[in-house]
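# Summary of structural features
Next come the chains, spelled out residue by residue.
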Amino acid sequence: MDKRQVLIDKSISFLETVKNRTPGDELEKFLNAECGPGSEIYDALAGLAKQGVAEGWAANEEVGGATYRRSKLQEPTPETFHFSITLVYMDSDEVFRGQYHGHPYGEINLIVPITDGAAASGPNGWCYGGWTSPAPGSHHYPEVKGGAVVQMFYLPAGRISYDMKPPAETAA
């Protein structure tokens, strides 16, 4: 079996535990307590995601150059409990913003630092490894800092909206 399929199968095992939960703060707390770094599921998913980026079969489509890439591994199916699976790679020492987007049904996001000390933003601040879970109706710029991060996000029904307009920037 190819490694991409192994990652999808491991994701299905993970999704079995969260398929009936709503993304948001409560789920984020649960995931970091029960499935965070050091847990069997986090370490397996994180290892496969990092391997996929290193070997070029995941997060291999440039969005904003070589330091901002993504790839959809799986469309929503009955086997994935109608979640899609996407990997994003972002790399920047300074704070870098990706594409502004919204989560009509929320998002479950695995954060895997590749560079020691790298972090991705989440609804509750910077995540240096673990999970974020933006609630349904949330929207944001994905951000990273401190180096390379791979994020694997699970979207209920595969729903994500890139046609939203960000709020007007305010002058300081």
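Residues take numbers from 1 onward in each chain, read along the sequence in its written order. Whole-chain, interface and lining totals are the exception, using all residues; otherwise, since this is a predicted model, local features are given only for residues with pLDDT of at least 70 and side-chain atom pairs are given and counted only at 80 or more. Values shown for side chains rest on all heavy atoms present in the structure; no hydrogens or waters enter the calculation.

A few words on the sheet that holds strand β8 (residues 125–127). Across the sheet, four strands lie side by side as β4-β11-β7-β8; this open sheet has antiparallel pairing. The open sheet terminates on both sides in strands that have one partner only, identified here as β4 (96–97) and β8. Following DSSP output, two strands are said to pair if at least two bridges run between them. Put simply, DSSP H or I for four residues or longer makes a helix, DSSP E for two residues or longer makes a strand, and each gets a number counted from the N terminus. As paired elements, strand β7 (residues 119–122) and strand β11 (residues 143–145) share two bridges and run antiparallel to each other. Note that in β11 the partner of A119 across the bridge is K145.

A regular strand places its side chains so that they alternate between the two faces of the sheet. With three bridges connecting them, β7 and β8 associate as antiparallel partners. By the bridge assignment, A120 is partnered in β8 with C127.

Here's how the labels work: a residue is buried when its accessible area is under 20% of the maximum for its type, exposed when over 50%, partly exposed in between, all with a 1.4 Å probe on protein chains only. Here strand β3 (residues 83–92) lies mainly inside the structure; nine of its 10 residues are buried. Of the pairings in the sheet, the one linking strand β2 (residues 68–74) to β3 comprises six bridges and is antiparallel in character. Across the sheet, residue Q74 finds its bridge partner in β3, namely I85. Of the pairings in the sheet, the one linking β3 to strand β12 (residues 147–156) comprises 10 bridges and is antiparallel in character. The residue bridging S92 from the neighbouring strand is G147, located in β12.

Pairing in this open sheet of six strands is antiparallel, and the strands run β1-β2-β3-β12-β6-β9 from one edge to the other. Two strands close off the open sheet at either side, each with one partner strand: β1 (61–62) and β9 (130–132). Every residue pair with non-hydrogen atoms within 4.5 Å of one another is taken to be in contact. The axes are straight lines fitted to the C-alpha atoms, using for helices just the contacting stretch, and the angles between their N-to-C directions are given from 0 to 180°. Together, β6 (108–113) and β9 form the strand contacts of helix α2 (residues 25–34), whose direction differs from that of β9 by roughly 175°.

A pair can form between side chains of opposite charge whenever their charged atoms are brought close. A carboxyl oxygen of Asp or Glu within 4 Å of a side-chain nitrogen of Lys or Arg is what we treat as a salt bridge. All chains considered together, the criterion is met by four salt bridges. Taking the shortest distance from any N to any O, the salt bridge between E75 and K72 comes out at 3.8 Å. Note on E75: relative accessible area 46%, which makes it partly exposed. Owing to a relative accessible area of 38%, K72 belongs among the partly exposed residues under this scheme. Residues E143 and R97 are paired through a salt bridge, measuring 3.1 Å at the closest nitrogen-oxygen approach.

Remember, this is a structural readout, not a statement about activity or role.
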